[in-house]
Amino acid sequence: MKKKNRLYVVLLFIVSLFAMMPMFTTSYKSSHDTKFHLTNIITLTEQIKKETFPSGIVGNIGNDFGYATNLFYPPLAHTSISYMNVVINNPLISIKIFYLAILFLSGLTMYYLARKLSKSDEIGFISAVIYMLFPYHLTNIYIRDAQGEALLFVFLPLIFSSLYELFSEDGNKNKFYPLFIIGYVGGMLSHLTMMIYFTILILVYLAIKYKKTFKNIKYFVTASLFILGITSFFYVPLLEHKILGDYRVFKDGVMVQGTQDHGLELNRYINIFSDYGNNKAKYFIDGITLILLAITIFKYKKIDKKYIPIIIFGLISIFLSSKYFPWDSLPRSTRMIQYPWRFETFVALSISIIAPLCLNLMNDKKLACIFLSFAILLLAQPMLRQASDEVINLNHIEYVYGLGYQQEYMPVNINENLDYYNSRNKDVIITDGIGEVKTTLNDVPNLEFTVNTDSIVTIELPRIYYLGYTLKGNNKTYQLYENDKGFVETKVESGTYNLEYTGTKIDRICNYISIISLLGCVILIWKKR
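The rules we used
Residues numbered from 1 in each chain as written. Predicted model: local features only at pLDDT ≥ 70, side-chain atom pairs only at ≥ 80, totals over all residues. Heavy atoms only, no water. 1 Å grid on protein atoms, 1.4 Å probe; cavity = no way out; pocket = protein on both sides within 12 Å on 5 of 7 lines; lining within 4 Å. Points joined across faces, edges and corners; volume = space filled by probe spheres on them. Helix = DSSP H or I, 4+ residues; strand = E, 2+ residues; numbered from the N terminus. Nonpolar A, V, L, I, M, F, W, Y, C, P; charged D, E, K, R; others polar. Buried < 20%, exposed > 50% of the residue type's maximum accessible area, 1.4 Å probe, protein only. Pairing = 2+ DSSP bridges. Axes fitted to C-alpha atoms, helices over the stretch in contact; angles between N-to-C directions. Parallel < 35°, antiparallel > 145°, perpendicular 65-115°, else oblique. Left-handed = near helix turned anticlockwise from the far one by under 90°. Contact = heavy atoms within 4.5 Å. Phe/Tyr/Trp six-rings, centres within 6.5 Å; stacked < 30°, edge-to-face > 60°. Lys NZ or Arg CZ within 6 Å of the ring centre and 35° of its normal. Patch = residues over 30% accessible without salt bridge, like charges linked within 9 Å, V, L, I, M, F, W, Y side chains within 5 Å. Areas by Shrake-Rupley, 256 points an atom, 1.4 Å probe, with all protein chains shown as cover. Salt bridge = Lys/Arg side-chain N within 4 Å of Asp/Glu carboxyl O.

A.B. asks: So, empty space enclosed by the protein: which residues are in play, and what are the values?
C.D. replies: Across all of its chains, the model carries 1 cavity of 30 Å³ or more by this definition. Reported here for the largest cavity is a volume of approximately 30 Å³. Considering the residues around the largest cavity, the lining is formed by Asn40, Leu44, Gly56, Val58, Tyr67, Thr69, Asn70 and His78. Listing elements by their share of the lining of the largest cavity, those giving two or more residues are helix H2 (34-51) and helix H3 (69-72). Of the residues that constitute the lining of the largest cavity, the class distribution is 3 nonpolar, 5 polar and no charged.

A.B. asks: Hey, could you go over the pairing of strand E5 (residues 469-473) for me, with residue numbers and the actual values?
C.D. replies: Within E5, 4 of the 5 residues are buried, which leaves the element mostly enclosed by the surrounding structure. Taken together, the 5 bridges between E5 and strand E9 (residues 495-501) define a ladder with antiparallel strand orientation. Across the sheet, residue Thr470 finds its bridge partner in E9, namely Glu500. In terms of strand pairing, E5 meets strand E6 (residues 476-478) through 3 bridges, oriented antiparallel. Opposite Gly473, over in E6, you have Lys476 as the bridge partner.

A.B. asks: Could you give me a rundown of the layout of surface pockets, with the residues and numbers involved?
C.D. replies: Here the second largest pocket is characterised by a volume of approximately 1,200 Å³. What lines the second largest pocket is a set of 37 residues, among which Phe53, Pro54, Phe233, Asn511 and Ser514 lie closest to the centre. The set of elements that each furnish at least two residues to the lining of the second largest pocket consists of H2, H3, helix H4 (76-88), helix H9 (176-188), helix H13 (232-244) and helix H20 (505-528). With 11 residues, H20 is the largest single contributor of residues to the lining of the second largest pocket. Here the lining of the second largest pocket is composed, by residue class, of 24 nonpolar, 10 polar and 3 charged.

A.B. asks: Lay out the packing of helix H5 (residues 91-118) against helix H16 (residues 344-354) in plain terms, naming residues and giving numbers.
C.D. replies: Between H5 and H16, the shortest axis-to-axis distance is 10 Å and the interhelical angle comes to 45 degrees. Regarding the angle of H5 to H16, the classification is oblique. The hand of the H5/H16 crossing is right-handed. Every residue of H16 that contacts H5 at Met110, Leu113 and Leu117 is listed here: Leu349, Ser352 and Ile353. When the residues that make up the contact of H5 with H16 are grouped by side-chain class, the tally is 5 nonpolar, 1 polar and no charged.

A.B. asks: With reference to specific residues and values, describe the pairing of E9.
C.D. replies: Judged by which residues are buried, E9 turns out to be one-sided: Gly495, Tyr497, Leu499 and Tyr501 face inward and are buried, whereas Thr496, Asn498 and Glu500, on the alternate face, are not. Two strands pair when backbone bridges link them, and strand E3 (residues 446-452) and E9 are joined in this way by 5 bridges, in the antiparallel orientation. Considered in E9, the bridge of Phe449 is made with Tyr497.

A.B. asks: Can you lay out the packing of aromatic side chains for me, pointing to particular residues and giving the numbers?
C.D. replies: Summed over all chains, the structure comprises 42 aromatic pairs. With 5.2 Å between their ring centres and 40 degrees between their planes, Tyr8 and Phe125 make a pair best called tilted. Here Tyr8 is found in helix H1 (residues 3-24), whereas its partner Phe125 is found in helix H6 (residues 121-132), with 117 residues between them in sequence. The pair formed by Tyr8 and Phe125 is uniform in burial state, with each residue classed as buried. Between Tyr131 and Phe153, the ring centres sit 5.1 Å apart and the planes meet at 45 degrees, which makes this aromatic pair tilted. Of this pair, Tyr131 sits in helix H6 while Phe153 sits in helix H8 (residues 147-167); the two residues are 22 residues apart in sequence, bridging distant segments of the chain. The residues Tyr131 and Phe153 share a single accessibility class, namely buried. The structure contains a cluster of three or more aromatic residues connected by ring pairs, namely Phe160, Tyr197, Phe198, Phe313, Phe319, Phe325, Trp327, Phe343 and Phe346. The side chain of Lys485 reaches across the aromatic face of Tyr420, ending 5.3 Å from its centre.

A.B. asks: Give me the lowdown on the sheet that holds E6, citing residues and values where you can.
C.D. replies: If you walk across this open sheet you meet the 5 strands as E2-E3-E9-E5-E6, and the pairing is antiparallel. Of all the strands in the sheet, the pair left with one neighbour each is strand E2 (436-443) and E6. Strand-to-strand twist across the sheet, computed as the mean angle between neighbouring axes with direction ignored, equals 25 degrees.

A.B. asks: Describe a nonpolar patch on the surface, listing the residues and the values that go with them.
C.D. replies: Taken together, the side chains of Phe24, Val86, Val87, Ile88, Ile93 and Ile97 present a nonpolar region at the surface, about 460 Å² in accessible area. Within the residue set of the nonpolar patch, elements represented by two or more residues are H4 and H5. Broken down by element, the nonpolar patch gets its largest block of residues, 3 residues, from H4. Mapped onto the elements of the fold, Ile97 is located in helix H5.

Here it is, written out as structure tokens:
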């Protein structure tokens, strides 16, 4: 790395430190999703301490019947913080360090992209500062505490960079694989829903550029196979539960409701006084960036054609984020975004690249760079506050929040029998037949118990039903199914039994596929370096 580049990297880290200073110097306060993330991180940390490589089922949440957030929710953010928490032993400090790290990394990936496109270190640096301090980006960190969406900011510039390296005459095709694969794998494991929409837009671009796409088709096919292989450990169990199970997250009216009503008025983008300095979500573009964008549009006449797709990408994203896009007229399956304003992530990506291009009009870009970065950071200060004044107390954790606002990862049968779910004890219950049951171990997801009976009895286990549990006893494996209350049920005779969460056979195969694909990817990148 050149000395000049190292300087800008250090400056980006300093910007990250100043942006995160209010969070590090005050007690951690509850924001929109804080308690959901915190409870899942704490329970996942406890599992890691016991198993190193935890299953998708965690205790405490879900009345300690075993809840499967990680079977449905992209695991990268929670898992990263949880492993950090094993060492630090403080989940709130771990979350703060996580946000500092990904804010800095998002700056680095944007700096790499914008510098590559503009051939200017100064423009690359300002693009990175705008991207890092974009109001919606800071909203994800401070107001929403949306760890997955904040993490997504790190990976999107890598995908744009990979396409530039592949399609441009001055690009390096050998860099395509690491950039594209890391970008996509990281994105899918951060926020799968947003990556689906991102992919749709990318596919439209590739279709328009069909000549270049087909010329380089082997690159896309090879990279896609690695991406699908590496991430199969996550999306295959997810698909299994969608196809073979009956869970709230996949039901109409649970995650998909009046989507269009949550769209933005277009003036929210330019109303810089809207919610400025308060504890509400910020959807505007900051004043400095707006000025730069206006100068670029109206004064800078030499916008290279390579920026046109990025501009169109941004304009489409603005439309998709607005209340004028007819979301509610589309099939429900297309409305899994829930909130159209989430497309501001894509808007931030586009504007951060385009707005600083006007620096080419300035005689002293370095001086302008220093002034602009300082001004943007100064304007960001009133936005660096969390959504409430409620200080998180680690001695009083409310695990019910770990279920999610809609309790979306519950079986439908649980939701229809909430009184039973809330009053049920932690014992193995005989629901049909006569006998006695003694529980010897109940450590979610594991369960050991002994049954004494003269016949075959039906038992209900104190576990919410998810695919992948394995019950063994009497030298055989028993078939498990979901009962009408949403719990695991089976038929057994006298004997000692052991329940574990092993994942389904397909899940276990996919775990090996993920490992093999990752190793293969490393070998490919090593050979192409």
